[in-house]
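What follows is the residue order along each chain.
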Amino acid sequence: MNLVYDAIVIGAGAAGLFAALTAGRRGRRILVIEHSRQPGAKILISGGGRANFTNRRVSAANFLSANAHFAKSALARFTPDDFLSLAKQHHIRYHEKTVGQLFCDTSARQILEMLLAECSSGQVEIRTGCKVESVGRETGFAVETSLGRLEARSLVVATGGLSIPKLGATDLGYRLARQFGLKVVDPYPALVPFVFGDADRKRWSDLAGISTSVRANCGDAAFDEKMLFTHKGVSGPAMLQVSSYWRKGQAVNVDLMPGRSFEPPPQEARRALTFALPQRLAERWLAVEGFDQPLLPVRRVDARLHEWSFVPAGTEGFEKAEVTGGGVSTADLSSKTMEARNVPGLHFVGEVVDVTGWLGGYNLHWAWASAHAAGEAI
Ligand code: FDA
């Protein structure tokens, strides 16, 4: 083999570019290949165009994975401060929105430009419009592509998950994992809006656009955030967060008055509820719950407000999911280098791995940290 490159990185998203720039800075010769024309397409739309690029408080507790400890090593070796010091070198101004969540002041494009500038100073080559046809392993890795055969000592798979197919998502990463004998935890849409069944849709969906603060939980996971009614079901940060934990058939429990009690005098209760919740929601909720008497039974109303629950018919799927849960099994990867335990030189980084972050900058931080771990090892 003619091993011109130390590593080929498949996928020019957050993780692929970060792995490439980390290895490039260490003097490694790196080629990034990307099948679409635009590198970092997801970075550009992340955080509503301002990229929630990290979170001040990142720990393994903010991630779902079959191995709850797997992310610890990479997160400890690449912290939010490490990313911030790079952002500061590139004069990227940022602000904290919801507690801990850091966003660009101006545009997510600045993050992409920073990554591309760092790649360029590390002499990283990036080829877009490059389709992978097959990957083989000899002394190194041989990647047959629409631009010809490419060879390298190491291969970094950074192809992301299945979310938002129109932005270039494919299952190549999972196929490569299986080809080389790694297991894949079934991918599923995560951070995704719920869809109601017919009965709940009739009850609630004309409230589309109304949002309220709730505590939502599914199993052991609970989040205090906003819930938003949509035409199809419910969304908003609280629902997106619990969706990552939800499995078909499970109920989602919603406390409509988290941390508060509803205890007005009975003759004022009806009016009081329309101040405590958005008015249309309060009126609809009373009707759905069958509280049609003029004097409300306040203690029962209070109890019911804390225990609203529904069983979603499903979610809006990969088309709308912010991330993909599941992925390449952490049991088959080194947590220090993201290298396959049984295939030296083969690394998986970012969302393709079975590590899925909460909403709030955690997924991009995982992309940086896992890519940094691989980039330091190549
Ligand atoms: P990513 O998907 O970014 O990159 C994979 C790359 O591989 C893509 O460029 C793709 O085209 C390429 N590829 C795929 N198949 C290929 C093939 N067969 N051949 C060659 N190339 C291939 N997270 C966060 O922390 N803060 C936020 O604000 C947001 N906001 C947000 C908004 C929206 C709308 C979405 C959809 C997602 C977010 N996220 C987020 C999630 C975050 O964007 C995501 O987790 C990371 O971008 C994942 O980075 P990766 O590099 O792993 O995958």
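Residues numbered from 1 in each chain as written. Predicted model: local features only at pLDDT ≥ 70, side-chain atom pairs only at ≥ 80, totals over all residues. Heavy atoms only, no water.

Colleague: How should the overall build of the protein chain be read in this particular structure?
Modeller: Broken down by element type, the protein chain carries twelve helices and 21 strands. For 378 residues, the compact-globule estimate of 2.2 N^0.38 gives 21 Å, and the protein chain sits close to it at 23 Å. Seen along its three principal axes, the alpha-carbon backbone of the protein chain occupies a region of about 85 × 40 × 35 Å. The buried share of the protein chain, reckoned over its 378 residues, is 54%. Put simply, the protein chain shows about 16,300 Å² of open surface, and 49% of that area lies on carbon and sulfur atoms. With 43 positive and 37 negative side-chain charges, the protein chain shows a spacing of 1 Å between the two charge centroids. (Helix = DSSP H or I, 4+ residues; strand = E, 2+ residues; numbered from the N terminus. Rg over C-alpha atoms; globule rule 2.2 N^0.38 Å. Buried < 20%, exposed > 50% of the residue type's maximum accessible area, 1.4 Å probe, protein only. Areas by Shrake-Rupley, 256 points an atom, 1.4 Å probe, with all protein chains shown as cover. Lys, Arg positive; Asp, Glu negative; His and termini not counted. Charge placed at Lys NZ, Arg CZ, Asp CG, Glu CD.)

Colleague: Would you mind showing me how to read the packing of aromatic side chains here?
Modeller: This model, assessed by the stated rule, comprises 21 aromatic pairs. Between F18 and F78 the ring centres are 5.2 Å apart and the planes differ by 65°, which places this aromatic pair in the edge-to-face class. Of this pair, F18 sits in helix α1 (residues 14–25) while F78 sits in the loop between α3 (72–77) and α4 (80–89); the two residues are 60 residues apart in sequence, bridging distant segments of the chain. Using a relative accessible area of 2% as the deciding quantity, one classes F18 as buried. Here K97 stacks its cationic end above the ring of F103, 4.7 Å away from the centre of that ring. A cation over a ring is seen here: R247 above Y188, with NZ or CZ 4.1 Å from the ring centre. (Phe/Tyr/Trp six-rings, centres within 6.5 Å; stacked < 30°, edge-to-face > 60°. Lys NZ or Arg CZ within 6 Å of the ring centre and 35° of its normal.)

Colleague: Could you clarify how one ought to interpret the side chain of S163 in this entry?
Modeller: When you line up the elements, S163 lands in the loop between β10 (148–157) and α6 (172–179). Separated by 3.5 Å, the side chain of S163 and the backbone oxygen of A321 make a polar contact. For S163, the side chain forms a polar contact with the side chain of T324, separated by 2.8 Å. What S163 contacts, discounting residues up to four positions off in sequence, is K42, A169, F318, A321, E322, V323, T324 and E351. (Polar contact = N/O pair within 3.5 Å; in protein donor to acceptor, adjacent residues only side chain to side chain. Contact = heavy atoms within 4.5 Å.)

Colleague: Teacher, can you tell me more about the side chain of E151 here?
Modeller: Among the structural elements, E151 can be located in strand β10. A polar contact of 2.6 Å, which involves the side chain of E151, links it to the side chain of R149. Aside from chain neighbours lying at most four places away, what touches E151 is M1, N2, L3, V4, Y5, I8, F141 and A142.

Colleague: Mind showing me how you'd approach the sheet that holds strand β16 (residues 252–255) here?
Modeller: To summarise the sheet geometry, strands pair through backbone hydrogen bonds and adopt either a parallel or an antiparallel arrangement. Ordered by their spatial adjacency, seven strands build an open sheet running β17-β16-β13-β14-β15-β12-β18, and the pairing between neighbours is antiparallel. Lying at the two open borders of the sheet, with one neighbouring strand each, are β17 (308–310) and β18 (314–315). Of the pairings in the sheet, the one linking strand β12 (residues 194–195) to β18 comprises two bridges and is antiparallel in character. What sits directly across from V195, in β18, is G314. (Pairing = 2+ DSSP bridges.)

Colleague: Would you mind going over the pairing of β10 with me for this structure?
Modeller: Regular strands place their side chains on alternate faces of the sheet. Most of β10 is tucked away: seven of the ten residues are buried. Pairing between strand β1 (residues 5–10) and β10: five bridges, direction parallel. The residue bridging I10 from the neighbouring strand is V157, located in β10. Two successive antiparallel strands, strand β9 (residues 141–145) and β10, enclose a turn made up of two residues.

Colleague: Please clarify how the environment of R175 should be interpreted in this entry.
Modeller: Topologically, R175 is positioned in helix α6. Between the C-alpha atoms of R175 and H95, which are 80 residues apart in sequence, the distance is 39 Å.

Colleague: Just checking my understanding: could you explain the packing of α4 against helix α5 (residues 109–121) for this structure?
Modeller: If you want to describe how two helices pack, look at the angle between their axes and the distance between the axes. Relative to each other, α4 and α5 sit at 85°, their axes nearing to 10 Å. The orientation of α4 relative to α5 falls into the category roughly perpendicular. Side by side, α4 and α5 meet where F83, L86, A87 and Q89 of the first sit next to I111, M114 and E118 of the second. Here the contact of α4 with α5 is built from residues that sort into five nonpolar, one polar and one charged. (Axes fitted to C-alpha atoms, helices over the stretch in contact; angles between N-to-C directions. Parallel < 35°, antiparallel > 145°, perpendicular 65-115°, else oblique. Nonpolar A, V, L, I, M, F, W, Y, C, P; charged D, E, K, R; others polar.)

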